[in-house]
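Listed below, chain by chain, are the residues.
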Amino acid sequence: MKENRILIKSGRLITEQGEEAADLLIEGEKISAIAGSIQIKGKFKEIDACGKIVFPGLIDPHVHFELKAYNSFSSDDFFSGSRAAAAGGVTTFIDFAIPSQGQDMASRIREKCGSAAQKSIVDFSFHAQITSWNPATPDDMKAAVEEGVPSFKIFMPSTEGWGVDDYGIYRALENSAALNSIVMVHAENGSIADSMAEEMLRKGKTGIADFPRARPDVVEREAVSRACLLADEAGVPVYICHLSGGKSASDLRKLKMEGRDILVETTPPYLLLNREKYNGPEGFLYACSPPLRDQEDNYRLWRAVIENTIDTIGTDHCPFKKKQKLSGGGSFADTPMGLGGIENTLELIYTEGVVKRGISPLQVMRMTSCNPAKIFGLYPRKGTLKEGSDADVVVFNPDVKKTIRAGKMVSESDWSPYEGFSVNGSVETTISRGEIIYNKSGIRAVKGRGKFLERKGFGLPAT
Ligand SMILES: [Zn+2]
């Protein structure tokens, strides 16, 4: 006899085919049935989803929990970060395994897995970071794939510690194809960014309000187009992380219209915030890389969402507390870079995308769940409401109106980039592999229940 059954009644299910009014039955860790009306006998838990939207659990392909940086750590570890994720309907996150000097990728992956396995309440995986190119790197990449990690992050600014030069990027791209894996790039031109910053520092223009001028559009735009060109020559797809600029988005649209397999991620800050934030008394809090840009960029990025140029929305969740941010003394050169927000992704994208700009819940589902699952080798186990898939399910109430307040957050961060934002809709229930881990009584999951997901291959999202 099967136990642990949950019947979600009369929801608006967002499946890959679109919206469907149906019941959804969970048995054990899997979705066992989806039908117009499901009647079952015996013991089960019923969730009334009438008037609610039922999404597959979100997959956040870009987070940095307990990231060691600026002589401290980002303020959410795998426990608090995964709790914040659960409160936001995120049932899978993909973080980064960044090897320390001389360390191979596979051992770094195992280390990070060890820590996450003890703390995370949702399922997780890692991208392996390539921090240099040398004769051992191809074998290193192969070993990472064998660990269940078929995705590689490259930080393009070769002027910084983690950066890889063009030769390394090209060779990594070539190698990724043979391994049925994907390369993701943080696309910024280090030479321009560094020299611009030096120039500004020489002139004493170190305040955060000057930050966007130290990293103008060209820094991202050039690197994006270079990454795409190198990928084209290598004959492989490439994934662009956290796209921030409207011009880059237009360039990418043209390339995608030519049929190029380029996958594009953006994050809520680049859609919803702009450089005006840097002019406020707490402007330094918003230091992130790339910097927040103009309102025009917000507009153009939303257009890119509407036109399907954007494939995924990650959060790049990497919060630092006010005190940590203050350690930079207000200078853009020394302030820890990164913003939190994983628990607000769905309500923000729903409000700003569906309610205000008329995109469909289906498109939200694709960008936040189905596409990341396909690209990063988790589909169809994750990223879809389908019989046989993991029962990772979010019940979202579109009728709730609320205001985002840092004081109410699950995240350990003591401030929110979205403080005071009004949102329509809220995550009511988050189910991970058949277990209710979040609902109106809060988080109800045991530390360490999340599992490492061995991923396989990569795939392209449906167009
Ligand atoms: Zn990042």
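Residues numbered from 1 in each chain as written. Predicted model: local features only at pLDDT ≥ 70, side-chain atom pairs only at ≥ 80, totals over all residues. Heavy atoms only, no water.

A.B. asks: Sorry if this is basic, but what is going on with the overall build of the chain here?
C.D. replies: Scanning the chain from terminus to terminus reveals 13 helices and 19 strands. For 463 residues, the compact-globule estimate of 2.2 N^0.38 gives 23 Å, and the chain sits close to it at 21 Å. Taken along its principal axes, the extent of the C-alpha atoms in the chain is 75 × 50 × 45 Å. The burial tally for the chain puts 63% of its 463 residues in the buried class. (Helix = DSSP H or I, 4+ residues; strand = E, 2+ residues; numbered from the N terminus. Rg over C-alpha atoms; globule rule 2.2 N^0.38 Å. Buried < 20%, exposed > 50% of the residue type's maximum accessible area, 1.4 Å probe, protein only.)

A.B. asks: Any chance you could explain helix H13 (residues 361-375) here in plain terms?
C.D. replies: Note: α-helices contain 3.6 residues per turn, so residues at a spacing of three or four share the same orientation. For H13, which comprises 15 residues, the first-to-last C-alpha distance of 20 Å matches the rise-based estimate of 21 Å (1.5 Å per residue) to within 8%. When the local axis directions of H13 are compared, the greatest deviation, roughly 45 degrees, occurs at Met367. With respect to burial, H13 is a largely interior element, 14 of its 15 residues being buried. One or two residues past the end of H13 sits Gly377, with phi positive at roughly 70 degrees. (Expected span 1.5 Å × (residues − 1). Bend = angle between axes of the 7 residues up to and from the residue.)

A.B. asks: Any chance you could explain the nonpolar core here in plain terms?
C.D. replies: Formed by 104 residues in total, the largest nonpolar core has its most connected members in Phe55, Ile130, Leu173, Val185, Ile240 and Leu243. Take this core: its biggest share by element is seven residues, from helix H7 (residues 217-234). One finds Ile98, Cys241, Phe320 and Ala373 within the second-largest nonpolar core, a separate group that totals 18 residues. (Core = buried A, V, L, I, M, F, W, Y, C linked by side-chain atoms within 4.5 Å.)

A.B. asks: Would you take a moment to explain the coordination of the zinc ion for this structure?
C.D. replies: Each donor-metal-donor angle would ideally measure 109.5 degrees in four-coordinate tetrahedral geometry, or 90 or 180 degrees in six-coordinate octahedral geometry. Taken together, His62 (NE2), His64 (NE2) and Asp316 (OD) make up the full set of protein donors to the zinc ion, lying 2.0 to 2.3 Å away. All donors to the zinc ion come from one chain, and their sequence spacing reads H-x1-H-x251-D. With His64 in the loop between strand S6 (58-60) and strand S7 (68-69) and Asp316 in the loop between strand S15 (312-313) and helix H11 (322-326), the pair connects residues that are 252 residues apart, well separated along the chain. Accessibility classification places His64 together with Asp316 in one group, the buried group. (Donors = N, O, S within 2.8 Å, 3.2 Å for Na, K, Ca; no water.)

A.B. asks: Could you clarify how one ought to interpret the pairing of strand S9 (residues 90-97) in this entry?
C.D. replies: Across a regular strand the side chains alternate sides, sitting on one face of the sheet and then on the other. Among the eight residues in S9, eight count as buried, and that is most of the element. Strand direction decides the pairing type here: S6 and S9, joined by three bridges, are parallel. The residue bridging Asp60 from the neighbouring strand is Phe93, located in S9. Looking at chain direction, S9 and strand S10 (residues 123-130) are connected through six bridges and run parallel. Looking at the pairing, Phe93 lines up with Phe124 of S10. Handedness of the crossover is the feature at issue here: the chain leaves S9, passes through helix H2 (residues 105-119), returns alongside S10, and the resulting connection is right-handed. (Pairing = 2+ DSSP bridges. Right-handed = clockwise from strand over helix to strand, strands pointing away.)

A.B. asks: I keep staring at unusual backbone geometry and nothing clicks. Help me out?
C.D. replies: Peptide bonds are, in most cases, trans, and in most cases residues other than glycine have a negative phi. With omega at 0 degrees, the peptide bond leading from Ser289 into Pro290 counts as cis. Turning to its location among the elements, Pro290 is positioned in the loop between helix H9 (268-272) and helix H10 (295-306). A cis amide bond links Tyr379 with the next residue in sequence, Pro380, at an omega value of 0 degrees. Within the chain, Asp316 stands out as a residue other than glycine whose phi angle is a positive 55 degrees. With relative accessibility at 14%, the residue Asp316 sits in the buried group.

A.B. asks: Explain the packing of aromatic side chains to me, please; I cannot follow it from the model alone.
C.D. replies: Within a pair of aromatic rings, the relevant descriptors are the distance that separates the centres and the angle that separates the planes. Under the criterion given, the structure shown has 15 aromatic pairs. Centre to centre, the rings of Phe55 and Phe396 are 6.0 Å apart; their planes meet at 70 degrees, and the pair counts as edge-to-face. Here the residue Phe55 occupies a position in strand S5 (residues 53-56), and Phe396 occupies one in strand S16 (residues 393-403), the gap between them amounting to 341 residues. Look at Phe55 and you get buried, because its relative accessible area is 1%. On the accessibility criterion, Phe396 (0% relative accessible area) is buried. Ring centres 5.6 Å apart and planes at 85 degrees place the aromatic pair Tyr418 and Phe421 in the edge-to-face group. Here a set of aromatic residues connected by ring pairs shows up, and it is made of Phe65, Phe78, Phe93, Phe124, Phe126 and Phe452. The ring of Phe96 carries the charged tip of Lys153 above its face, separated from the ring centre by 4.4 Å. Its end group placed over the ring of Phe79, Lys447 keeps NZ or CZ at 4.9 Å from the ring centre. (Phe/Tyr/Trp six-rings, centres within 6.5 Å; stacked < 30°, edge-to-face > 60°. Lys NZ or Arg CZ within 6 Å of the ring centre and 35° of its normal.)

A.B. asks: So what exactly am I meant to see when it comes to the pattern of salt bridges here?
C.D. replies: When the charged atoms of two side chains with opposite charge come close together, those side chains can pair. Counted according to the given criterion, the structure contains 35 salt bridges. In this structure, Asp123 engages Lys382 in a salt bridge whose closest nitrogen and oxygen atoms are separated by 2.8 Å. Here the residue Asp123 occupies a position in strand S10, and Lys382 occupies one in the loop between H13 and S16, the gap between them amounting to 259 residues. Just as Asp123 is buried, Lys382 falls in that class too. (Salt bridge = Lys/Arg side-chain N within 4 Å of Asp/Glu carboxyl O.)

A.B. asks: For this particular structure, what's the right way to read the sheet that holds strand S11 (residues 151-155)?
C.D. replies: Backbone-to-backbone hydrogen bonds join strands into a sheet, with any given pair of strands oriented parallel or antiparallel. Ordered in space as S6-S9-S10-S11-S12-S13-S14-S15, the eight strands form an open sheet in which the pairing is parallel. Edge positions in the sheet fall to S6 and S15, since each has one partner strand and no second. Of the pairings in the sheet, the one linking strand S14 (residues 262-266) to S15 comprises two bridges and is parallel in character. Opposite Glu265, over in S15, you have Thr312 as the bridge partner. Relative to strand S13 (residues 238-243), H7 is tilted by about 165 degrees, and along the sheet it contacts strand S12 (182-186), S13 and S14. (Contact = heavy atoms within 4.5 Å. Axes fitted to C-alpha atoms, helices over the stretch in contact; angles between N-to-C directions.)

A.B. asks: Before we go on, may I ask you to explain the side chain of Thr430 in this structure?
C.D. replies: Inspection of the secondary structure puts Thr430 in strand S17 (residues 422-432). A distance of 2.8 Å separates the side chain of Thr430 from the backbone oxygen of Ala86, its partner in a polar contact. Look past the residues within four positions of Thr430 in its chain and what remains in contact with it is Ala86, Gly89, Thr91, Val393, Glu435, Ile436, Ile437 and Tyr438. (Polar contact = N/O pair within 3.5 Å; in protein donor to acceptor, adjacent residues only side chain to side chain.)

Shape descriptors only; they carry no functional weight alone.
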